[in-house]
Amino acid sequence: MPEQLLFAMEVTLNGLMAGVLYALVALGFVLIFKASGIFNFAQGMLVVFAAMTLVGVQTGQIPFAHLINTIFGTKIHHFGWTVPTILAIIVAGAAMVLVAWIIEKYILQHLIGQPDIILFMATIGMWYFMHGFAPLMWGSEVMKLDVGLAQGINETIDTTTYNWFGYGFFIDNLDIVAAIVAALLVAALVLFSQYTKQGRALRAVADDHSAALSVGISLRFIWVLVWSIAGFVALVAGIMWGSKSGVQISLAEVALKALPVLMLGGFTSIPGAIIGGLIIGVGEQLFEFAIGPLVGGATQAWFAYVLALVFLIFRPQGLFGEKIIERV
Amino acid sequence: MFYREAGDFKTSYRDDNQTFPIRLDRAGYWIVLFVAFCVIPFFVNDYWVNSIFAPFFIYAIAALGLNILTGYAGQVSLGTGGFMAVGAYACYKLMVAFPDINIVFHVLIAGGITAAVGVAFGLPSLRIKGFYLAVATLAAQFFLVWLFNKVAWFYNYSASGQINAPERTVFGIIVTGPNTEAWAKYMICLVFLVGVAWVARNLTRGMTGRKWMGIRDMDIAAEIIGVNPLMAKMSAFAVSSFFVGIAGALFFAVYLGAAEAGESFGITKSFLVLFMVIIGGLGSIFGSFAGAAFMVLMPVLLKNVLVGTMGWPTEIAAELEFIIVGGLIVIFLILEPHGLAQLWRLTKEKLRLWPFPH
């Protein structure tokens, strides 16, 4: 086989894996959008906050240490213990539920009935708030996240492909783990929404707010639930992303790429989020591989957005989105 | 007692429709203009211009631009930073290529170029609406910044990838470059701001502005009563980008003096200007000023109090700034979705009736 084709295949595979990460973030968006019609711009920040909390708890960091030190002149930074990974994940998950509850009680509750765009801007405000709050709580250095996931090159794939094509593909173990976890997560979400009482209530709310309300489903509970689930999805995405590149605030900007993923897949479709993620992941890697060197590289910065923009001109509701019907 | 329409007889249609129907407001307007043009320039120093006046004026221009697009025409844009970059780089190229032409024209032409780019990125708004459009404008933001970083022609192949404003004069007075006097900086920004605000006010209260507002309130209904959505949306994008381009050009040439696309015109700039518009008040000229003033003054104040007086590290002050701004956005959206402008309006209503409660 020609070498270029092999490279392209490797790039495609790696793109698929990167796409999984985008899809994980996009999943959180879709869940919230379906259940409450809120376009949650802050999902990327939730990912960062979840990951930071996990690392902070795991390494026994004292929250707001920097602030406390500044005010009281103390020199505290760590509790001096480390928490087992499982326990840390549970604590971080609980923190995300708390965040969901606070958001529902203090923000969304007061914005019911406002135009969608106001809610959208409120989530941008939340993004900004957490942009300051997360580093204030856990410090602004790059944090190393290690929950014991396999990392580094996958030897099996490397040797197998070497035997087949005479060229070993480089696939990171972590990416494979991420793909598996994402698949499990989606399966769990589908099972949850199909076979549990809360899941059914969730789907009812997604379908029609007032009808759900009239049969006795508590909107407030469902919203807290769905934001908690989105927080949990954010935690999973944060673990995957954080293990790969370390946890820092700029991760949230990368997570913004979940937005074009959503536009491509449609705001209301879970399969859309996954497929959109894969398309964007592969598309931007291949584009960078083929066209990037001609135009100076680093095209990943904008390719996803432009692709989504061009795509939307032809199909404004995305690949799997519900048809937009407008009435006067 | 004094803040009344009573006794101030309007005898023509023109009088009846003036921007400031109350005599005291009109007087206040002229006094503010007088103070801004004839008093402050004699007292400003570098600190005041660089940390307060210049950023306030320039951001007010950008906020006016975004307010036309978002507040009046209802098209949410997250690409303001990218469009400011277009203005800045266009101005730079023009300044270098045509050194003999007055910089005022460079800034205006840079605005025109930005308007063209804005229209190009605004075209999808005919098909894409609401937050789909907001995300689509992110394409402009990321693409434009990448373009100015990667294509060396835009920064004239300089080794650092930065653009530096050469020294240019208006009527023999240096207005760009390191040797600029504080008052010259102040004046050129002020002149542009007053011009832009005047144009914005008169556009938004005329037919163009009503078309924009019709599109904002419900585009299909507006189309049915005869507003051409293509013209209305494109004109909103053009005018808005023109103002934002001017702001970008001034930001680079007069205020910063040197700029690098990713750092000076990143996505945080887009958010910042959007926040000015939200906090100030969507669909209000006064709101753009109030929002810009608030967002410029707040960090300065925080820094002076926390870092200067209490000796806290700048890092914490910066984080607190994010928290306060984000929290304020949410609080404003909950309590007063129409922003500072609405508070101002309410105050004026109260003043009119004072000392009676109703």
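The model shown is predicted, which means the values in this text are computed figures rather than measured ones.

Notes on the overall build of chain A
- Counting its regular elements, chain A contains 15 helices and zero strands.
- The globule rule puts the C-alpha radius of gyration for 328 residues at 20 Å, and the 21 Å found for chain A is close to it.
- Overall size of chain A, expressed as C-alpha extent along the three principal axes, is 60 × 60 × 40 Å.

Points about the overall build of chain B
- The secondary structure content of chain B amounts to 15 helices and four strands.
- Computed over its C-alpha atoms, the radius of gyration of chain B comes to 21 Å, within 12% of the 21 Å expected for a compact globule of 358 residues.
- Dimensions of chain B, computed from the C-alpha atoms along their principal axes, are close to 65 × 55 × 45 Å.
- Burial statistics for chain B: of 358 residues in total, 47% are counted as buried.

So, the interface of chain B and chain A
- Contacts between the two partners involve 41 residues from chain B and, on the opposite side, 42 residues from chain A.
- Sorting the residues of the side of chain B that touches chain A by element identifies α6 (130-150), α9 (219-224), α12 (267-280) and α14 (314-335) of chain B as the ones contributing at least two each.
- Here the side of chain B that touches chain A takes 14 residues from α14(B), the largest share from any one element.

Section: the nonpolar core
- If you look at the biggest cluster of nonpolar residues, it comprises 221 residues, and the most contacted ones within it are A:V47, B:I61 and B:L250.
- If we skip the residues at most four places from it in the chain, B:L250 touches B:I58, B:V107, B:C189, B:F192 and B:Y255.

Section: the packing of helix α3 (residues 46-72) of chain B against helix α7 (residues 182-204) of chain B
Residues and elements named next belong to chain B.
- It is at 10 Å that the axes of α3 and α7 come closest, and there the two elements cross at 20°. By the criterion of interaxial angle, the relationship of α3 to α7 is roughly parallel. Every pair of crossing elements has a handedness; the one defined by α3 and α7 is left-handed. Of the residues in α7, those in contact with D46, V49, F53, A54, F57, I58, A60, I61, L64, I68 and Y72 of α3 are A182, K185, Y186, C189, L190, F192, L193, V196, A197, A200 and T204.

Some points on unusual backbone geometry
Residue and element names in this part refer to chain B.
- Between W354 and the following residue, P355, the backbone shows a cis peptide bond with an omega angle of 10°.
- Summarising the element assignment, P355 is placed in the segment after α15 (339-353).
- A positive phi is found at F171, a non-glycine position, where the angle reads about 50°.
- By the element assignment, F171 lies in the loop between β2 (169-170) and β3 (173-174).
- Using a count of 7 C-beta atoms within 10 Å as the deciding quantity, one classes F171 as exposed.

Points about the packing of α12(B) against helix α13 (residues 285-309) of chain B
Residue and element names in this part refer to chain B.
- Contact pair α12 / α13: the axes reach a minimum separation of 7 Å and the direction vectors enclose 120°. For the element pair α12 / α13, the angle class is oblique. Considering the relative orientation of α12 and α13, their crossing is right-handed. From α12, L272, F275, M276, V277, I279 and G280 reach across to α13, where they touch G287, S288, A290, G291, A292, F294 and M295.

Re the confidence of the model for chain B
- In this model, chain B carries a mean pLDDT of 88, and residues with pLDDT of at least 70 account for 100%.
- Here the predicted complex carries an ipTM of 0.83, next to a pTM of 0.88.

Examining helix α6 (residues 155-165) of chain A
- Here α6(A) lies mainly on the outside; zero of its 11 residues are buried.
- Trailing α6(A) by a residue or two, A:G166 shows a phi angle of about 75°, which is positive.

Section: the environment of B:I101
- Here B:I101 shows up in the loop between α4 (80-97) and α5 (103-122).
- Here the alpha-carbon distance between B:I101 and B:R168, two residues 67 residues apart in the chain, equals 9.3 Å.

Comments concerning the environment of B:R205
- Along the chain, B:R205 falls in the loop between α7 and α8 (207-217).
- Each C-alpha atom of the pair B:R205 and B:T19 lies 9.1 Å from the other, and the pair is 186 residues apart in sequence.

Criteria and cut-off values
Residues numbered from 1 in each chain as written. Chains lettered and ligands numbered in written order. Predicted model: local features only at pLDDT ≥ 70, side-chain atom pairs only at ≥ 80, totals over all residues. Helix = DSSP H or I, 4+ residues; strand = E, 2+ residues; numbered from the N terminus. Rg over C-alpha atoms; globule rule 2.2 N^0.38 Å. Buried ≥ 20, exposed ≤ 12 C-beta atoms within 10 Å, placed from the backbone. Contact = placed C-beta atoms within 7 Å. Core = buried A, V, L, I, M, F, W, Y, C linked by C-beta atoms within 7 Å. Axes fitted to C-alpha atoms, helices over the stretch in contact; angles between N-to-C directions. Parallel < 35°, antiparallel > 145°, perpendicular 65-115°, else oblique. Left-handed = near helix turned anticlockwise from the far one by under 90°. pLDDT = per-residue confidence, 0-100.

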